[in-house]
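# Observations on the three-dimensional arrangement
The chain contents come next:
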Amino acid sequence: MTNALVLSEHPLDSWVRRYEAGDVPARLPYGVDALAEIGWSLSGSRRAADPHWGRWRDLVEHRAGFPVEQTLRGVNEVRRSDVVLALLERQGAAASTLRRANVPPFRSTPLVVWSCWLADDIRSATPEHRRRITRRFDGADLITHLSRHETEIFTDVGISEDRLFPVTYGVSHDYYTPGDSNRDIELLAVGQDRGRDYRILFDAVRGTNLRLDVVCKPENLADLDVPDNVRVHGVVPLPVYRRLLQRAQVVVVPTRDLAYPTGSSVALESASSGACVAVTGTRAMRDYFTDDEDARLVNEGDVEGWRAVLTELRDDPAQRARLGAAARASVEARFNARHMWIELAGAIRDRGLV
(Lines give C-alpha, C1' and ligand atoms only; values in the text may rest on other atoms or scores of the structure.)
Protein backbone atom coordinates (compact mmCIF):
# COMPACT_ATOMS: atom_id res chain seq x y z
CA MET A 1 0.00 0.00 0.00
CA THR A 2 1.23 3.51 -0.85
CA ASN A 3 0.69 6.08 1.90
CA ALA A 4 0.35 9.66 0.65
CA LEU A 5 -0.06 12.97 2.43
CA VAL A 6 -2.32 15.16 0.30
CA LEU A 7 -1.77 18.92 0.60
CA SER A 8 -4.74 20.85 -0.74
CA GLU A 9 -6.37 24.22 -0.29
CA HIS A 10 -9.11 22.62 1.81
CA PRO A 11 -8.41 19.93 4.45
CA LEU A 12 -9.67 16.56 3.28
CA ASP A 13 -12.22 16.14 6.09
CA SER A 14 -13.88 19.45 5.25
CA TRP A 15 -13.89 18.53 1.56
CA VAL A 16 -15.73 15.29 2.36
CA ARG A 17 -18.37 17.28 4.21
CA ARG A 18 -18.75 19.56 1.19
CA TYR A 19 -19.12 16.51 -1.04
CA GLU A 20 -21.80 15.02 1.19
CA ALA A 21 -23.62 18.38 1.06
CA GLY A 22 -23.51 18.33 -2.75
CA ASP A 23 -21.19 21.34 -3.04
CA VAL A 24 -18.35 19.57 -4.91
CA PRO A 25 -18.42 16.82 -7.56
CA ALA A 26 -15.96 14.33 -6.02
CA ARG A 27 -15.23 12.99 -2.56
CA LEU A 28 -11.75 14.54 -2.54
CA PRO A 29 -10.32 17.51 -4.48
CA TYR A 30 -9.91 16.92 -8.22
CA GLY A 31 -11.09 13.33 -7.76
CA VAL A 32 -7.81 12.26 -6.10
CA ASP A 33 -9.84 9.71 -4.12
CA ALA A 34 -9.49 7.54 -7.25
CA LEU A 35 -6.07 6.59 -5.88
CA ALA A 36 -7.80 4.72 -3.05
CA GLU A 37 -9.27 2.40 -5.68
CA ILE A 38 -5.78 1.14 -6.50
CA GLY A 39 -4.66 0.70 -2.91
CA TRP A 40 -3.34 4.12 -1.92
CA SER A 41 -3.98 5.38 1.60
CA LEU A 42 -4.62 9.14 1.59
CA SER A 43 -4.31 11.46 4.56
CA GLY A 44 -4.40 15.23 4.98
CA SER A 45 -3.50 17.90 7.50
CA ARG A 46 -5.82 20.23 9.39
CA ARG A 47 -6.01 23.99 9.77
CA ALA A 48 -5.94 25.55 13.21
CA ALA A 49 -9.25 26.39 14.85
CA ASP A 50 -7.72 29.00 17.16
CA PRO A 51 -8.31 32.48 15.62
CA HIS A 52 -5.14 33.81 17.30
CA TRP A 53 -3.08 31.26 15.38
CA GLY A 54 -4.96 32.23 12.25
CA ARG A 55 -3.69 35.79 12.46
CA TRP A 56 -0.08 34.60 12.74
CA ARG A 57 -0.68 32.20 9.89
CA ASP A 58 -1.99 34.94 7.65
CA LEU A 59 1.02 37.12 8.41
CA VAL A 60 3.54 34.35 7.72
CA GLU A 61 1.80 33.19 4.56
CA HIS A 62 1.50 36.76 3.28
CA ARG A 63 5.25 37.25 3.64
CA ALA A 64 6.08 33.83 2.17
CA GLY A 65 3.70 34.23 -0.75
CA PHE A 66 2.32 30.70 -0.39
CA PRO A 67 0.44 28.51 2.17
CA VAL A 68 2.56 27.24 5.05
CA GLU A 69 0.31 26.08 7.90
CA GLN A 70 -1.09 22.85 6.48
CA THR A 71 2.35 21.73 5.36
CA LEU A 72 3.79 22.25 8.84
CA ARG A 73 0.80 20.60 10.50
CA GLY A 74 1.36 17.58 8.29
CA VAL A 75 4.85 16.83 9.68
CA ASN A 76 3.73 13.70 11.54
CA GLU A 77 1.86 12.47 8.48
CA VAL A 78 4.95 13.05 6.32
CA ARG A 79 6.91 10.68 8.56
CA ARG A 80 4.33 7.97 7.89
CA SER A 81 3.97 8.70 4.17
CA ASP A 82 5.71 7.30 1.13
CA VAL A 83 5.06 10.45 -0.87
CA VAL A 84 3.71 13.97 -0.43
CA LEU A 85 1.18 14.91 -3.10
CA ALA A 86 0.51 18.66 -3.40
CA LEU A 87 -2.67 19.58 -5.24
CA LEU A 88 -1.73 22.78 -7.06
CA GLU A 89 1.57 24.59 -7.01
CA ARG A 90 0.77 26.95 -4.13
CA GLN A 91 0.17 24.00 -1.83
CA GLY A 92 3.50 22.45 -2.85
CA ALA A 93 5.69 25.51 -2.36
CA ALA A 94 6.33 25.12 1.38
CA ALA A 95 7.02 21.38 1.13
CA SER A 96 9.40 21.99 -1.78
CA THR A 97 11.22 24.71 0.16
CA LEU A 98 11.64 22.43 3.18
CA ARG A 99 12.77 19.49 1.05
CA ARG A 100 15.31 21.65 -0.79
CA ALA A 101 16.65 22.81 2.58
CA ASN A 102 17.00 19.16 3.77
CA VAL A 103 14.59 19.73 6.66
CA PRO A 104 13.38 16.42 8.13
CA PRO A 105 11.08 14.63 7.50
CA PHE A 106 10.54 16.37 4.14
CA ARG A 107 14.10 15.73 2.97
CA SER A 108 13.52 11.96 2.85
CA THR A 109 9.96 11.93 1.46
CA PRO A 110 9.42 12.38 -2.30
CA LEU A 111 7.30 15.35 -3.32
CA VAL A 112 4.94 15.41 -6.30
CA VAL A 113 3.39 18.76 -7.26
CA TRP A 114 0.22 18.56 -9.36
CA SER A 115 0.28 21.98 -11.01
CA CYS A 116 -2.09 23.94 -13.19
CA TRP A 117 -0.89 27.52 -13.74
CA LEU A 118 2.82 27.15 -12.96
CA ALA A 119 4.07 27.14 -16.56
CA ASP A 120 2.00 30.19 -17.45
CA ASP A 121 3.23 31.98 -14.32
CA ILE A 122 6.82 31.23 -15.35
CA ARG A 123 6.24 32.37 -18.91
CA SER A 124 4.67 35.68 -17.91
CA ALA A 125 7.06 36.50 -15.02
CA THR A 126 9.94 38.96 -15.07
CA PRO A 127 13.38 37.29 -15.25
CA GLU A 128 13.96 37.88 -11.52
CA HIS A 129 10.57 36.51 -10.51
CA ARG A 130 11.04 33.59 -12.89
CA ARG A 131 14.25 32.63 -11.06
CA ARG A 132 12.43 32.81 -7.70
CA ILE A 133 9.61 30.58 -8.94
CA THR A 134 12.05 28.06 -10.36
CA ARG A 135 14.10 27.93 -7.16
CA ARG A 136 10.94 27.60 -5.08
CA PHE A 137 10.20 24.26 -6.74
CA ASP A 138 13.73 22.87 -6.78
CA GLY A 139 12.66 20.51 -4.01
CA ALA A 140 9.90 18.85 -6.06
CA ASP A 141 10.77 15.41 -7.39
CA LEU A 142 7.99 15.49 -9.97
CA ILE A 143 5.94 18.39 -11.36
CA THR A 144 2.89 17.59 -13.43
CA HIS A 145 1.33 19.92 -15.98
CA LEU A 146 -1.84 19.73 -18.03
CA SER A 147 -0.55 20.20 -21.57
CA ARG A 148 2.48 18.79 -23.38
CA HIS A 149 3.09 22.27 -24.78
CA GLU A 150 4.10 23.44 -21.32
CA THR A 151 7.10 21.11 -21.06
CA GLU A 152 9.40 23.43 -22.99
CA ILE A 153 8.57 26.34 -20.69
CA PHE A 154 9.83 24.31 -17.73
CA THR A 155 12.95 23.00 -19.44
CA ASP A 156 13.85 26.49 -20.67
CA VAL A 157 14.25 27.61 -17.04
CA GLY A 158 16.39 24.62 -16.15
CA ILE A 159 13.86 22.11 -14.81
CA SER A 160 14.94 18.77 -16.25
CA GLU A 161 12.42 16.77 -18.22
CA ASP A 162 12.85 13.76 -15.92
CA ARG A 163 11.16 15.86 -13.21
CA LEU A 164 8.18 16.66 -15.43
CA PHE A 165 5.06 14.75 -16.41
CA PRO A 166 2.28 16.05 -18.74
CA VAL A 167 -0.63 14.32 -17.03
CA THR A 168 -3.88 13.72 -18.90
CA TYR A 169 -6.38 16.01 -17.18
CA GLY A 170 -9.77 14.55 -16.39
CA VAL A 171 -13.06 15.48 -14.73
CA SER A 172 -15.63 13.70 -12.56
CA HIS A 173 -17.51 11.82 -15.27
CA ASP A 174 -19.69 9.98 -12.74
CA TYR A 175 -21.07 13.35 -11.61
CA TYR A 176 -21.24 15.18 -14.94
CA THR A 177 -23.59 12.95 -16.90
CA PRO A 178 -26.13 13.51 -19.68
CA GLY A 179 -29.55 14.54 -18.42
CA ASP A 180 -32.92 12.99 -19.23
CA SER A 181 -34.79 16.06 -20.46
CA ASN A 182 -34.83 18.25 -23.54
CA ARG A 183 -31.88 20.55 -24.16
CA ASP A 184 -33.65 23.89 -24.14
CA ILE A 185 -30.65 26.26 -23.82
CA GLU A 186 -29.41 27.20 -27.26
CA LEU A 187 -25.89 28.42 -26.39
CA LEU A 188 -24.28 28.36 -22.96
CA ALA A 189 -20.95 29.90 -21.96
CA VAL A 190 -19.53 29.25 -18.49
CA GLY A 191 -16.25 30.25 -16.89
CA GLN A 192 -14.48 32.82 -14.78
CA ASP A 193 -10.76 32.19 -15.13
CA ARG A 194 -8.23 34.61 -16.59
CA GLY A 195 -8.24 33.02 -20.01
CA ARG A 196 -11.89 33.61 -20.99
CA ASP A 197 -12.50 35.82 -24.03
CA TYR A 198 -16.09 36.96 -23.75
CA ARG A 199 -15.40 40.02 -25.86
CA ILE A 200 -14.88 37.86 -28.95
CA LEU A 201 -17.97 35.78 -28.17
CA PHE A 202 -20.17 38.83 -27.68
CA ASP A 203 -18.96 40.30 -30.96
CA ALA A 204 -19.78 37.00 -32.67
CA VAL A 205 -23.41 36.86 -31.48
CA ARG A 206 -24.10 40.61 -31.60
CA GLY A 207 -26.76 41.50 -34.15
CA THR A 208 -27.71 37.86 -34.80
CA ASN A 209 -30.73 35.81 -33.73
CA LEU A 210 -28.49 33.47 -31.70
CA ARG A 211 -29.45 33.22 -28.01
CA LEU A 212 -26.61 33.01 -25.49
CA ASP A 213 -26.69 32.38 -21.74
CA VAL A 214 -23.54 33.27 -19.75
CA VAL A 215 -22.52 32.10 -16.28
CA CYS A 216 -19.55 34.01 -14.84
CA LYS A 217 -18.44 36.63 -12.33
CA PRO A 218 -19.36 40.28 -12.98
CA GLU A 219 -15.66 41.16 -13.30
CA ASN A 220 -15.36 38.80 -16.28
CA LEU A 221 -17.63 41.18 -18.17
CA ALA A 222 -16.17 44.44 -16.89
CA ASP A 223 -16.06 47.12 -19.61
CA LEU A 224 -17.91 44.83 -22.05
CA ASP A 225 -21.08 45.83 -23.89
CA VAL A 226 -23.45 42.90 -23.35
CA PRO A 227 -25.62 42.32 -26.45
CA ASP A 228 -29.41 42.21 -26.11
CA ASN A 229 -29.49 38.53 -27.07
CA VAL A 230 -27.21 37.56 -24.15
CA ARG A 231 -28.61 36.65 -20.74
CA VAL A 232 -26.13 36.89 -17.84
CA HIS A 233 -26.73 34.64 -14.80
CA GLY A 234 -23.77 35.44 -12.57
CA VAL A 235 -22.25 32.64 -10.50
CA VAL A 236 -24.52 29.67 -9.71
CA PRO A 237 -24.30 26.73 -7.25
CA LEU A 238 -22.75 23.49 -8.47
CA PRO A 239 -26.04 21.54 -8.87
CA VAL A 240 -27.44 24.39 -10.94
CA TYR A 241 -24.30 24.46 -13.09
CA ARG A 242 -24.54 20.69 -13.63
CA ARG A 243 -28.17 21.03 -14.69
CA LEU A 244 -27.34 23.87 -17.09
CA LEU A 245 -24.78 21.66 -18.83
CA GLN A 246 -27.41 18.95 -19.20
CA ARG A 247 -29.83 21.46 -20.72
CA ALA A 248 -27.39 23.09 -23.13
CA GLN A 249 -27.46 22.31 -26.83
CA VAL A 250 -24.02 23.88 -27.30
CA VAL A 251 -21.52 24.88 -24.61
CA VAL A 252 -19.20 27.62 -25.86
CA VAL A 253 -15.70 28.03 -24.40
CA PRO A 254 -13.96 31.08 -25.94
CA THR A 255 -10.43 31.55 -24.60
CA ARG A 256 -7.08 33.15 -25.22
CA ASP A 257 -4.00 31.05 -25.88
CA LEU A 258 -2.29 30.63 -22.50
CA ALA A 259 0.36 28.08 -21.59
CA TYR A 260 -2.09 25.92 -19.63
CA PRO A 261 -5.37 24.62 -21.09
CA THR A 262 -7.60 27.42 -19.84
CA GLY A 263 -11.24 26.41 -20.23
CA SER A 264 -10.51 22.69 -20.11
CA SER A 265 -12.56 22.00 -16.95
CA VAL A 266 -15.77 23.51 -18.32
CA ALA A 267 -15.18 22.03 -21.77
CA LEU A 268 -14.60 18.52 -20.42
CA GLU A 269 -17.44 18.74 -17.89
CA SER A 270 -19.71 19.82 -20.76
CA ALA A 271 -18.42 16.96 -22.89
CA SER A 272 -18.99 14.56 -20.01
CA SER A 273 -22.56 15.88 -19.83
CA GLY A 274 -23.10 14.95 -23.47
CA ALA A 275 -23.37 18.53 -24.71
CA CYS A 276 -21.98 19.62 -28.05
CA VAL A 277 -18.84 21.64 -27.28
CA ALA A 278 -17.35 24.55 -29.26
CA VAL A 279 -13.95 25.73 -28.05
CA THR A 280 -11.12 27.98 -29.10
CA GLY A 281 -8.55 25.76 -30.80
CA THR A 282 -5.56 26.77 -28.70
CA ARG A 283 -2.47 24.56 -28.63
CA ALA A 284 -3.38 23.28 -25.18
CA MET A 285 -7.06 22.64 -25.97
CA ARG A 286 -6.09 20.56 -29.01
CA ASP A 287 -4.67 18.03 -26.53
CA TYR A 288 -8.27 17.37 -25.48
CA PHE A 289 -10.46 17.90 -28.54
CA THR A 290 -10.31 17.26 -32.28
CA ASP A 291 -12.29 19.43 -34.66
CA ASP A 292 -15.40 17.75 -36.10
CA GLU A 293 -14.70 14.54 -34.17
CA ASP A 294 -15.73 15.40 -30.61
CA ALA A 295 -16.05 19.21 -30.74
CA ARG A 296 -15.88 22.22 -33.01
CA LEU A 297 -12.69 24.26 -32.77
CA VAL A 298 -12.47 27.93 -33.75
CA ASN A 299 -9.28 29.93 -34.19
CA GLU A 300 -8.38 32.37 -31.44
CA GLY A 301 -9.93 35.81 -31.96
CA ASP A 302 -11.93 34.73 -35.03
CA VAL A 303 -15.24 36.56 -34.67
CA GLU A 304 -16.57 35.50 -38.07
CA GLY A 305 -15.49 31.93 -37.42
CA TRP A 306 -17.36 31.83 -34.13
CA ARG A 307 -20.49 33.31 -35.69
CA ALA A 308 -20.44 30.76 -38.51
CA VAL A 309 -19.81 27.73 -36.27
CA LEU A 310 -22.43 28.69 -33.69
CA THR A 311 -25.04 29.34 -36.36
CA GLU A 312 -24.23 26.03 -38.04
CA LEU A 313 -24.51 24.11 -34.78
CA ARG A 314 -27.74 25.85 -33.83
CA ASP A 315 -29.28 24.76 -37.13
CA ASP A 316 -27.89 21.18 -37.20
CA PRO A 317 -29.24 18.98 -34.38
CA ALA A 318 -27.76 15.84 -35.96
CA GLN A 319 -24.25 17.32 -35.82
CA ARG A 320 -24.80 18.39 -32.22
CA ALA A 321 -25.93 14.91 -31.25
CA ARG A 322 -22.97 13.28 -33.01
CA LEU A 323 -20.39 15.55 -31.42
CA GLY A 324 -22.01 15.35 -27.98
CA ALA A 325 -22.02 11.55 -28.00
CA ALA A 326 -18.40 11.43 -29.17
CA ALA A 327 -17.37 13.92 -26.50
CA ARG A 328 -19.01 11.89 -23.74
CA ALA A 329 -17.30 8.72 -25.01
CA SER A 330 -13.94 10.50 -25.04
CA VAL A 331 -14.30 11.56 -21.40
CA GLU A 332 -15.44 8.09 -20.36
CA ALA A 333 -12.44 6.50 -22.07
CA ARG A 334 -9.68 8.94 -21.17
CA PHE A 335 -10.38 12.44 -19.91
CA ASN A 336 -11.75 11.51 -16.50
CA ALA A 337 -10.29 11.90 -13.02
CA ARG A 338 -9.93 8.16 -12.45
CA HIS A 339 -7.76 7.81 -15.56
CA MET A 340 -5.73 10.89 -14.59
CA TRP A 341 -4.79 9.69 -11.11
CA ILE A 342 -4.10 6.11 -12.14
CA GLU A 343 -1.88 7.44 -14.93
CA LEU A 344 -0.01 9.66 -12.48
CA ALA A 345 0.35 6.81 -9.96
CA GLY A 346 1.99 4.78 -12.72
CA ALA A 347 4.40 7.61 -13.51
CA ILE A 348 5.29 7.99 -9.83
CA ARG A 349 5.98 4.26 -9.58
CA ASP A 350 7.90 4.08 -12.88
CA ARG A 351 10.21 6.87 -11.76
CA GLY A 352 11.00 5.09 -8.52
CA LEU A 353 9.42 7.64 -6.20
CA VAL A 354 7.42 4.95 -4.34
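Residues numbered from 1 in each chain as written. Predicted model: local features only at pLDDT ≥ 70, side-chain atom pairs only at ≥ 80, totals over all residues. Heavy atoms only, no water.

## Re the overall build of the chain
Secondary structure summary: the chain contains 14 helices and 12 strands in total. Here the C-alpha radius of gyration of the chain, 21 Å, is about what a compact globule of 354 residues would show, namely 20 Å. Along the first, second and third principal axes, the C-alpha set of the chain runs to 65 × 45 × 45 Å. A total of 354 residues make up the chain; the buried ones form 55% of that total. Expressed as a percentage of contacts within the chain between residues at least 6 apart in sequence, the contacts between residues at least 24 apart total 72%. Of the roughly 15800 Å² of accessible surface on the chain, a fraction of 47% belongs to carbon and sulfur atoms. (Helix = DSSP H or I, 4+ residues; strand = E, 2+ residues; numbered from the N terminus. Rg over C-alpha atoms; globule rule 2.2 N^0.38 Å. Buried < 20%, exposed > 50% of the residue type's maximum accessible area, 1.4 Å probe, protein only. Contact = heavy atoms within 4.5 Å. Areas by Shrake-Rupley, 256 points an atom, 1.4 Å probe, with all protein chains shown as cover.)

## Considerations on the nonpolar core
Counting 60 residues, the largest nonpolar core has Trp114, Leu188, Phe289, Trp341 and Leu344 as the members making the most contacts within it. Here this core takes seven residues from helix H14 (residues 337-350), the largest share from any one element. Membership of the second largest hydrophobic core comes to 27 residues, among which are Ala93, Ala125, Ala140 and Ile153. (Core = buried A, V, L, I, M, F, W, Y, C linked by side-chain atoms within 4.5 Å.)

## Quick word on empty space enclosed by the protein
In the structure shown here, the tally under the stated rule is one cavity of 30 Å³ or more. Size it by volume and the largest cavity reaches roughly 30 Å³. In terms of lining residues, the largest cavity is bounded by Val84, Ala95, Arg99, Phe106, Thr109 and Leu111. In terms of residue class, the lining of the largest cavity is made up of four nonpolar, one polar and one charged. (1 Å grid on protein atoms, 1.4 Å probe; cavity = no way out; pocket = protein on both sides within 12 Å on 5 of 7 lines; lining within 4 Å. Points joined across faces, edges and corners; volume = space filled by probe spheres on them. Nonpolar A, V, L, I, M, F, W, Y, C, P; charged D, E, K, R; others polar.)

## Comments concerning the environment of Asp193
If you trace the backbone, Asp193 turns up in the loop between strand S7 (185-190) and helix H9 (198-205). As a C-alpha pair, Asp193 and Ala93 span 100 residues in sequence and 22 Å in three-dimensional space. Within the local environment of Asp193, its side chain forms a polar contact with the side chain of Thr262, the two groups lying 2.6 Å apart. (Polar contact = N/O pair within 3.5 Å; in protein donor to acceptor, adjacent residues only side chain to side chain.)

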